[in-house]
Amino acid sequence: MTAQTEDLWIRNFHPAPDAAVRLVCFPHAGGSASFYFPVSRALAPGADVFVAQYPGRQDRRTEPVVTDIGELADRIADDLAARADDRPIVLFGHSMGALVAFEVAHRLRARGAGPASLVVSGRRAPHLYRDDAVHRRSDDGLVAELKDLSGTDAGLLGDDEILRMILPAIRGDYRAVETYRLADGTAPLDCPVLALVGDSDPRVDVDEVRGWERHTTADFALAVLPGGHFYLVQEQAAVLAALRERIAALPASPLPVAG
């Protein structure tokens, strides 16, 4: 692993090279790698947790935002392939991150190194579309959407200077999500899929999330947890338990219960 590779697309907050499994996490629209720092801390050293860092935020804030899910998936899959080893890999994405994880899964499978499991959260199945145009709204309209989802700290939403810094990345991410279309002829994955959703998510309903079942020929499970779009913040313990269960089900990859 080179410093250049580490500094660009992937963060490894708590390196665990001796762990039997790798978990790769993908942030939501406007999100950054640091969102998954608590997940990394909780699961290490039982899992080697990697987190994608998209351009246009935090230490990559001066880079152009990538507004295409496929391009993001291409770059991240290339990075993961460069650091591949013989350990199984589990992909976990929330909201926009679910789509990126799904597309990365297909790219890894095409290389003969598909994931052992895919966990998606807070996102309708990839074949389901809505005529949304949040990325075309004014800045005020975009901020209103963020407040509805409660995904950004209210204090940040009231700080004009910080908003000017983060809105371009958020707008670009929304464009990537809203213009995404599943490629014709995309075959189902052959790994188990777990889909998670909050029971009061204002943008995604349970039936839409259940639609992920058609995208795997392996086992599918659906878990509905209390909360809205960012249910996984207050339900962190339940999400961690679900991830531990997924990882523990893989051959020779036990995880400690505490964390």
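First things first, this report covers the structure right here in the doc. Note that this is a predicted model, so its numbers are computed, not measured.

Moving on: the overall build of the chain. The helix and strand inventory of the chain stands at ten helices and seven strands. Scored against the burial criterion, the 259 residues of the chain give a buried share of 51%. Relative to all contacts within the chain whose residues are 6 or more apart in sequence, the contacts with residues 24 or more apart total 81%.

Aromatic ring pairs are reported here in terms of the distance separating the ring centres and the angle at which the planes meet. Counted by the stated rule, this structure contains five aromatic pairs. Connected via pairs of aromatic rings, a cluster forms that spans Phe35, Tyr36, Phe92 and Phe230. Stacked on the ring of Trp9, the Lys or Arg Arg60 has its end atom at 4.3 Å from the ring centre. In this arrangement the basic side chain of Arg181 is found over the ring face of Tyr129, its NZ or CZ atom lying 4.3 Å from the centre.

Our focus in this paragraph is helix α3 (residues 69–82). A rise of 1.5 Å per residue sets the reference length of α3, with its 14 residues, at 20 Å; its end C-alpha atoms lie 20 Å apart and thus fit the reference within 8%. Among the residues of α3, those classed as buried are Ile69, Gly70, Leu72, Ala73, Ile76, Ala77, Asp79 and Leu80. Backbone nitrogen of Gly70 and a side-chain oxygen of the N-cap are separated by 3.1 Å at the start of α3; the cap is Asp68.

With that settled, consider the sheet that holds strand β3 (residues 48–52). Strand order in this open sheet of seven strands is β1-β3-β2-β4-β5-β6-β7, and the pairing throughout is mixed. Every interior strand has two partners, whereas the edge strands, β1 (10–11) and β7 (220–225), have only one. Sheet topology places strand β4 (residues 89–94) next to strand β5 (residues 117–121); five bridges connect them, and they run parallel. Its bridge partner being in β5, Val90 is matched across the sheet by Ser117. Contacts from helix α10 (residues 236–248) reach β2 (22–26), β4, β5, β6 (193–198) and β7 within the one sheet, and its direction differs from that of β6 by about 175 degrees.

Counting 75 residues, the largest nonpolar core has Phe26, Ile76, Val104, Leu118 and Trp212 as the members making the most contacts within it. The element contributing the most residues to this core is helix α4 (residues 96–110), with nine residues. Sequence-distant contacts of Ile76, defined by excluding residues within four places in its chain, comprise Trp9, Ile10, Phe26, Ala52, Tyr54, Val100 and Val104.

A separate point is the pairing of β2. Most of β2 is tucked away: five of the five residues are buried. Side chains of β2 alternate between two faces, with Arg22, Val24 and Phe26 and Leu23 and Cys25 buried alike. Relative to β3, β2 runs parallel, the two being bridged by four bridges. Paired with Val24 across the bridge in β3 is Phe50. Between β2 and its parallel partner β3, the chain crosses via helix α2 (residues 37–43), and the hand of that crossover is right-handed. Note that β2 and β4 share five bridges and pair parallel. Bridged to Cys25 within β4 is Phe92.

Take Ser32: it is sitting in the loop between β2 and α2. Beyond its immediate chain neighbours, meaning those up to four positions away, Ser32 contacts Pro27, Gln53, Arg57 and Gln58.

Scanning all chains against the criterion turns up 14 salt bridges. One salt bridge in this structure joins Asp173 and Arg57, with 2.6 Å as the shortest N-O distance. Taken together, the residues Asp173 in helix α7 (residues 160–178) and Arg57 in the loop between β3 and α3 connect sequence positions 116 residues apart. Relative accessible area serves as the criterion here: at 5%, Arg57 is assigned to the buried category. Close ionic contact of Glu208 with Arg124 constitutes a salt bridge, the shortest N to O distance being 3.8 Å. Of this pair, Glu208 sits in helix α8 (residues 206–210) while Arg124 sits in the loop between β5 and α5 (139–149), and the two are 84 residues apart along the sequence. For the residue pair Glu208 and Arg124, the accessibility class agrees, reading buried in each case. Residues joined by salt bridges that share partners form a network here, namely Arg22, Asp48, Asp85 and Arg87.

What counts as what
Residues numbered from 1 in each chain as written. Predicted model: local features only at pLDDT ≥ 70, side-chain atom pairs only at ≥ 80, totals over all residues. Heavy atoms only, no water. Helix = DSSP H or I, 4+ residues; strand = E, 2+ residues; numbered from the N terminus. Buried < 20%, exposed > 50% of the residue type's maximum accessible area, 1.4 Å probe, protein only. Contact = heavy atoms within 4.5 Å. Phe/Tyr/Trp six-rings, centres within 6.5 Å; stacked < 30°, edge-to-face > 60°. Lys NZ or Arg CZ within 6 Å of the ring centre and 35° of its normal. Expected span 1.5 Å × (residues − 1). Polar contact = N/O pair within 3.5 Å; in protein donor to acceptor, adjacent residues only side chain to side chain. Pairing = 2+ DSSP bridges. Axes fitted to C-alpha atoms, helices over the stretch in contact; angles between N-to-C directions. Core = buried A, V, L, I, M, F, W, Y, C linked by side-chain atoms within 4.5 Å. Right-handed = clockwise from strand over helix to strand, strands pointing away. Salt bridge = Lys/Arg side-chain N within 4 Å of Asp/Glu carboxyl O.

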